[in-house]
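Each chain, written out:
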Amino acid sequence: MIKPNKDQAQSKVHRSDSSWLKPHSSLAQIKFRSKSNSAQPNFDLKSNSNPMWLDSTGAQSNLKRSSPTRIGSALSDSEPVKVFDRAANLTNNQIINYRCDPSEKWLVLIGIAPGAPERPQLVKGNMQLFSVEQQRSQALEAHAASFATFKVVGKENPSTLICFASKTTNAGQITSKLHVIELGAQPGKPGFTKKQADLFFPPDFADDFPVAMQISHKYSLIYVITKLGLLFVYDLETATAVYRNRISPDPIFLTAEASTIGGFYAINRRGQVLLAAVNEATIVPFVSSQLNNLELAVSLAKRGNLPGAENLVVQRFQELFSQTKYKEAAELAAESPQDILRTPETVAKFQSVPVQAGQTPPLLQYFGTLLTRGKLNAFESLELSRLVVNQNKKNLLENWLAEDKLECSEELGDLVKKKAFVKWPPESDDHTLLNAGGIRARLPFPSANNFKVRSSAAKTGQIKEVERVTRESNFYDPEKTKNFLMEAKLPDARPLINVCDRFGFVPDLTHFLYTNNMLRYIEGYVQKNSAFSGNFNLQNLLILTSIKADPSRVMDYINRLDNFDGPAVGEVAIEAQLYEEAFAIFKKFNLNVQAVNVLLDNIQSIERAVEFAFRVEEDSVWSQVGKAQLREGLVSEAIESFIRADDATQFLDVIRAAEDSNIYHDLVKYLLMVRQTVKEPKVDSELIYAYAKIDRLGEIEEFILMPNVANLQNVGDRLFDDALYEAAKIIFTFISNWAKLASTLVKLRQFQGAVDAARKANSSKTWKEVCFACVDAEEFRLAQICGLNIIVQVDDLEEVSDYYQNRGCFNELISLMESGLGLERAHMGIFTELGVLYARYRPEKLMEHIKLFSTRLNIPKLIRVCDEQQHWQELTYLYIQYDEFDNAATTIMNHSPDAWDHMQFKDVVIKVANVELYYKAVHFYLQEHPDLINDLLHVLVLRVDHTRVVDIMRKAGHLHLVKPYMVAVQSNNVAAVNEALNEIYVEEEDYDRLRESVDMHDNFDQIGLAQRIEKHELLEMRRIAAYIYKKAGRWKQSIALSKKDNLYKDAMETCSQSGDRELSEELLVYFIEKGKKECFSSCLFICYDLIRPDVALELAWMNNMLDFAFPYLLQFLREYTSKVDELIKDKIEAQNEVKVKEKQEKDLVTQQACLNMYAQLLPLALPAPPMPGVGATSMGGPYPAPPPMAGMGMPPVPPFGMPPMGTHFVNVELRIKFLYELCFREQRMDGSWMAYISPSRQV
């Protein structure tokens, strides 16, 4: 739809790719592919095979995928002009946006392309920024961009900014950024600092991306809109995030600025037009409290004149004032939102500041700041004028008044009246004098001040002067003056009448006089006009005035007057509730539609309207009558009226009303009429439905075979929903919708046909519907056919099973599942579900099924069912197959009557993870199978704690039961096992086993065992007790026990092992006392190392047992002589070693001395002198005589002539000395000791 201008509305349908109606513009943007020229008033669309955009400026840009960008006028004959070539990064991109800055010096083109291979779902954005002045482009990555202007402090002109949003991926990391950059910044001058911020996308929007960006120039905010409907709001100056939310559940593809409200429009995929704007009442409190950004809150409030920051602004003003920063305080007050600081209190605050010498007073700084930013209010104008007048600077006051910087007030006029005479700039030939409260000013009307003078005169009540000027002067703007006088609403309308009458504003005047009820001026104006009878406006004014002032005269004016605006006056009459007059007006002007509307809507007489319609016989009139009848519920009458009017436009309302009233016979007639002119799917669809409602199935079959545009699918669904199944069957059969046909046949209980239709539909939903219906109808054969097509779907299997079971069809369900085992698409769910059914309804077949198909079962599910149904043997088997040996062992022990098998349990128990189950198994076997407990323990021997097992058996009093087990594990030398076995051996009087146990395993309470058996009635037991005492080092107890039992050998061995001389000698005494001579002799032999020889000889001599001691003495002598020989040998070897060492040392000294002497006498070649003390020369002279040998009581031996004495003689000498000492000790000095020396050595 295109509207070229406001005066001539034209519409035309175009086939287009997309369109955009730009707000506040008279043109539409259309993207299209035109094939031929089409002429239309004031709007020419050039033929072009490439897609184009037409914007509100008339610019047309060719944005073909690979072509250059061209700009031209859409409303002129000029050809498009190439602007720039598309950059390489936009090749094969879909162009989604094209923008230019207000100065048209910068252009930006946006395109999108498929994402990177590692993340194709994230669309890539590309941007080309082009400078018109520099004729250069820059390629960037961005999805959306827009231009903005911003006034930088210290810079005269606003800066042009480019804002763009991007979402990129690099090495798997997604980066989303918003950039704000100044374009054309000049070095060395103040500029906008580059800003950057993150776009935070929620996890559910990881692949979302920006598609549009709009700038709110009113609030200096950036709106970033994404494809999935997310809205990001950022501050333009700081790039601070302000807000984020989802504004549309559907993708957004088009946005436009809503400049007047500082927001934007958006269109989503559903065609919804969205308007997003700032909530002025809450944004500042939200930023200050929720975002905790006080600086941004104040900035927003100042920029947008928003509420919510009053306390912050006042607080900041107080801080600046207290810091004597008066200039900053003045600027803050001037920019304060909603002028909250521009109050008398603020002026008084600046007035109270003392003026420093040489400095500008703070009050003047404040007023100066206000003047640079706009107009002063009444109080500020008065105070500033007071300062100027006091300083006699009238020229300043005149300039400010001329620039409209001051707000006029009565107080200001009084001040000027008292203090000054104001003269305005240069006079002209045509001027007038204005007397305003005693102040006369000569005012030239051609100047811009004339309007201000009239304004002042009007406000000060100088109506006569205003009337004279408007009547006589030609030097004023008529349009501006008219508007001012209308707004002023002076009590005297003559100035306005003068302007409107002189410059042709009579329609505006009549409207103004009428709306303000100025009857006196209307009558006067009408009377002075001589052409009253033929003046269109004046006739309108007269009738309108009578409508408002004297309604009784209206009908007379209507009958008498002909040149008035009938439609407009009729509407006014309706507003004044003069309905008969309005009907007469419309009928007089042949406005039959408006006339009948008065009868219907105002007079509310359908009968008169029908009568009027019969009289005029106009289609449009009948249409209005039909609409009214339809509103009143007269459906049949309305249908007849619409048929008379041949009006097919109201078919939607007619259809709705006929359906509500169940009037389908008349509806068929109406729809047949409508089909002659309208080809709408709604019409044909409703006609089929109406045929079905009146049971005309034959007409339905004929109709659908003819060309039609009915939406048969929707019609069929509607028929089905309304239980019109026969008609629905016809429709669904015709359109081959087998799924719906199957549902329909089910409703008609035609189950075989439903199965056939379901087979064609081959839909799980359809199969289920038919299957369940067959089950309900007990058509189990057909139900099984359907079921086999359902159970192959894992997700639908359980639903089918539940449906059968809820209706008690257990056998049929089992048959269905058994049949399903042979299907090619048979899956684990079928085997499992059959197992579940066996567990519930056929337990005798469960174990066989489990063993056959254990690898195709969902074992956890079947485990739960077997547990519920208490099938313990099967449950155990399933646990074993699922490697849950702990649960298997527990089940066997808890339900042993059904689940226990010894061989199976042994295989299971060694695989459990919980060691406590070992001991639970021991208890279990102890209670239920004690004869097999050793077999169980045999497999657990490496896993159990033997001490704990023995403790269990001990507490149960059945240690003997596990004797084989303990014998098998005694090699581990566990104390509890050893003690238990020793206890059993004692009880059984098995001293051989006990002795073996004590010998091989010492980890037990030895003393305790010895104490228990030392008084045993069996000698061997007591002997073992003595043996244990001996092993424990309790020698005396062991010897005492052996002596008590006459076990002398044991006693002697104990003494020998004890190493205690005292015990051994005491045992000798014991044997002497007992007269045990043989034992005495044996004890000397066994305890040989411990018994002292003197004690032994003394005891033997005193008790006449020398003969029994003689072997001991022989042994003793032999041992001691051997020791002496060894000592002598060692001594001689030591002496020899000393002599050899001394000789080596002497040789070394001699050699060294010779070397030294040789070195001294070498020059003289003399022989070396003999060494002192040497009896011969160095070359073989005689040695000195050895010292004489003597000792051992022998005379000295001559040095020569006697054979040398060897070590043999020395040994004999030492032996003799030793034996002599020994015999002396034994008091045998009679020389009998010589008998101990062998004859060969008696010297």
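Note that the structure is a prediction, hence the values are computed from the model and not measured.

### Side note on the overall build of the protein chain
Along its length, the protein chain carries 57 helices and 25 strands. A buried classification covers 43% of the 1243 residues belonging to the protein chain. Relative to all contacts within the protein chain whose residues are 6 or more apart in sequence, the contacts with residues 24 or more apart total 47%.

### Brief notes about the pairing of strand β9 (residues 124-131)
Most of β9 sits inside the fold, with 7 of its 8 residues counted as buried. By the bridge criterion, 5 bridges tie β9 to strand β10 (residues 136-140) in an arrangement that is antiparallel. Directly across from S131, in β10, lies its bridge partner R136. Count of turn residues in the β9/β10 antiparallel hairpin: 4 residues, of which Q135 carries a positive phi of about 55 degrees.

### Considering the pattern of salt bridges
Within the structure shown, the criterion is met by 48 salt bridges. E472 is the salt-bridge partner of R471, the closest N and O atoms lying 3.4 Å from each other. Assessed through its relative accessible area of 45%, E472 is described here as partly exposed. Taken together, the salt bridges that share partners define one network made up of E465, E467, R468, R471 and E472.

### Some points on the packing of helix α40 (residues 885-894) against helix α43 (residues 916-928)
Relative orientation of the contacting elements α40 and α43 amounts to 20 degrees, with a least axis distance of 11 Å. As judged from the angle between their axes, α40 and α43 are roughly parallel. With respect to the hand of their crossing, α40 and α43 are arranged in left-handed fashion. Between α40, through D886, T890, M893 and N894, and α43, the contact on the second element is made entirely by L917, K920, A921 and F924. Taken together, the residues of the contact of α40 with α43 sort by class into 4 nonpolar, 2 polar and 2 charged.

### Focus: the sheet that holds strand β12 (residues 159-170)
Pairing is antiparallel across the open sheet formed by 4 strands, whose spatial order is β11-β12-β13-β14. Of all the strands in the sheet, just β11 (144-150) and β14 (195-198) have a single pairing partner and so form its edges. Taken pair by pair, the neighbouring strands of this sheet meet at an average axis angle of 20 degrees, ignoring direction. In the sheet, β11 pairs with β12 via 7 bridges, with the strands oriented antiparallel. Within the sheet, the bridge partner assigned to A145 lies in β12 and is F164.

### Examining the packing of aromatic side chains
For the structure on display, the rule yields 31 aromatic pairs. An angle of 75 degrees between the planes, with centres 6.4 Å apart, marks the rings of Y243 and F286 as edge-to-face. Note that Y243 is positioned in strand β18 (residues 241-246) and F286 in helix α1 (residues 283-290), a separation of 43 residues in sequence. Using a relative accessible area of 39% as the deciding quantity, one classes Y243 as partly exposed. A centroid spacing of 5.9 Å and a plane angle of 75 degrees characterise the contact between Y476 and F503, whose relative ring orientation is edge-to-face. Here the residue Y476 occupies a position in the loop between α11 (463-472) and α12 (478-488), and F503 occupies one in helix α13 (residues 494-503), the gap between them amounting to 27 residues. Here Y476 falls in the buried class, since its relative accessible area comes to 10%. Accessibility expressed as a relative area gives 32% for F503, which makes it partly exposed. Taken together, the ring pairs connect F317, F321, Y326, F350, Y366 and F367 into an aromatic cluster.

### Quick word on the UniProt feature "coiled-coil region" (unreviewed entry) in the protein chain
With numbering matched to this structure, UniProt assigns "coiled-coil region" (unreviewed entry) to residues 1117-1144. Along residues 1117-1144 the backbone is 100% helical and 0% strand, and the end-to-end C-alpha distance reaches 41 Å.

### Section: the UniProt feature "domain: Clathrin heavy chain linker core motif" (unreviewed entry) in the protein chain
In the numbering adopted here, UniProt assigns the feature "domain: Clathrin heavy chain linker core motif" (unreviewed entry) to residues 280-303. Across residues 280-303, the secondary structure splits into 75% helix and 0% strand, with the terminal C-alpha atoms separated by 12 Å.

### Overview of a negative patch on the surface
Together, E617, E618, D619 and D646 line one region of the surface with negative charge. Tracing the chain through its elements places E618 in the loop between α21 (606-616) and α22 (619-631).

### Focus on the pairing of β12
Of all the 12 residues making up β12, 9 are buried; the element is thus mostly covered by neighbouring parts of the structure. Where β12 and strand β13 (residues 173-183) come together, 11 bridges link them in antiparallel fashion. Bridge pairing in β13 places T160 opposite L183. Here β12 folds back onto β13 in antiparallel fashion, the turn holding 2 residues, of which A171 has a positive phi close to 55 degrees.

### Brief notes about the sheet that holds β9
One open sheet accounts for 4 strands, arranged β7-β8-β9-β10; its pairing is antiparallel. A strand with exactly one partner marks an edge of an open sheet, and here the two such strands are β7 (94-100) and β10. Adjacent strand axes in the sheet meet at a mean angle of 15 degrees, parallel and antiparallel pairs treated alike. One ladder, built from 6 bridges, connects β7 with strand β8 (residues 106-113); its direction is antiparallel. Paired with N97 across the bridge in β8 is I110.

### Some words on the confidence of the model for the protein chain
With 82% of its residues at a pLDDT of at least 70, the protein chain reaches an overall mean of 80. Residue range residues 70-76 is modelled with pLDDT below 50. Its contacts to residues more than four positions away, or to other chains, number 31 contacts. In the predicted structure, residues 420-448 sits below a pLDDT of 50 and forms 63 contacts with residues beyond four places in sequence or in another chain.

### Re the nonpolar core
In this structure, Y670 and M966 are the most contacted members of the largest nonpolar core, which totals 149 residues. Ranked by residues supplied to this core, first place goes to α43 with 8 residues. Not counting the four nearest positions on each side in its chain, M966 is found in contact with V950, L959, V977, A980, L981 and I984. The next biggest cluster of nonpolar side chains, apart from the first, holds 60 residues, and it includes L221, A266, V287 and Y326.

### Considerations on helix α19 (residues 579-588)
Because an α-helix packs 3.6 residues into every turn, residues spaced three or four apart end up facing the same way. Taken residue by residue, α19 has E581, A582, F583, A584, I585 and F586 as its buried positions. Within two residues after α19, N590 carries a phi angle of roughly 55 degrees, on the positive side.

### Some points on helix α25 (residues 664-674)
Across the 11 residues of α25, 8 count as buried, placing the element largely inside the fold. For α25, the full list of buried residues reads Y664, D666, L667, V668, Y670, L671, M673 and V674.

### Some points on unusual backbone geometry
You will see that D695, though not glycine, has its phi angle at about 60 degrees, which is positive. One can find D695 in the loop between α26 (681-693) and α27 (697-705). For D695, a relative accessible area of 58% translates into the label exposed. For D883, which is not glycine, the phi dihedral falls at a positive 60 degrees. Note on placement: D883 falls in the loop between α39 (872-881) and α40.

### Looking at the environment of I1091
Summarising the element assignment, I1091 is placed in the loop between α54 (1077-1086) and α55 (1093-1102). For I1091, a relative accessible area of 4% puts it in the buried group. Separated by 32 residues in sequence, I1091 and G1059 place their C-alpha atoms 9.9 Å apart.

So, how was this worked out
Along each chain, residues carry numbers from 1 onward, in the same order as the chain's sequence is written. Per-residue local features of the predicted model are confined to residues with pLDDT of at least 70, and side-chain atom pairs are confined, for both listing and counting, to 80 or more; whole-chain, interface and lining totals are unaffected and use all residues. Note: side-chain values were computed over all heavy atoms of the structure, leaving out hydrogens and water. The secondary structure listing takes helices from DSSP runs of H or I that are at least 4 residues long and strands from runs of E that are at least 2 residues long, numbered from the N terminus. Relative accessible area decides the class of each residue, using a 1.4 Å probe on protein chains only: under 20% of the type maximum gives buried, over 50% gives exposed, and in between gives partly exposed. Should any heavy atoms of two residues lie within 4.5 Å, those residues are considered in contact. Here, a strand pair is defined by DSSP locating no fewer than two bridges between the strands. Take a side-chain nitrogen of Lys or Arg and a carboxyl oxygen of Asp or Glu: if they are within 4 Å of each other, that pair is a salt bridge. Helix axes are fitted to C-alpha atoms over the stretch in contact, other axes to C-alpha atoms as well, and angles between N-to-C directions run from 0 to 180 degrees. In these notes the angle categories are as follows: under 35 degrees is roughly parallel, over 145 is roughly antiparallel, 65 to 115 is roughly perpendicular, and the rest is oblique. The handedness criterion is simple: a crossing whose near helix is rotated anticlockwise from the far helix by less than a right angle is left-handed, and one whose near helix is rotated clockwise is right-handed. Gly counts as polar in this scheme, as do all residues outside two lists: the nonpolar Ala, Val, Leu, Ile, Met, Phe, Trp, Tyr, Cys and Pro, and the charged Asp, Glu, Lys and Arg. Centres within 6.5 Å make a pair out of two Phe, Tyr or Trp rings, where for Trp the six-membered ring is used; the pair is then stacked when the planes are under 30 degrees apart, edge-to-face when over 60, and tilted otherwise. UniProt positions are given in the numbering used here, feature names are shortened, and annotations may be inferred rather than shown by experiment. Patch membership needs two things, relative accessible area over 30% and no salt bridge, and members are linked within 9 Å if like-charged or within 5 Å if nonpolar (Val, Leu, Ile, Met, Phe, Trp, Tyr). Per-residue accessibility takes into account occlusion by the displayed protein chains alone, with areas from the Shrake-Rupley method and a 1.4 Å probe. Counted as positive: Lys and Arg. Counted as negative: Asp and Glu, with His and the chain ends omitted from the count. A charged residue contributes its charge at one atom only: NZ of Lys, CZ of Arg, CG of Asp or CD of Glu. Per-residue confidence from the predictor is reported as pLDDT, which spans 0 to 100. What makes a nonpolar core is a set of buried Ala, Val, Leu, Ile, Met, Phe, Trp, Tyr and Cys residues whose side-chain atoms join them at distances within 4.5 Å.

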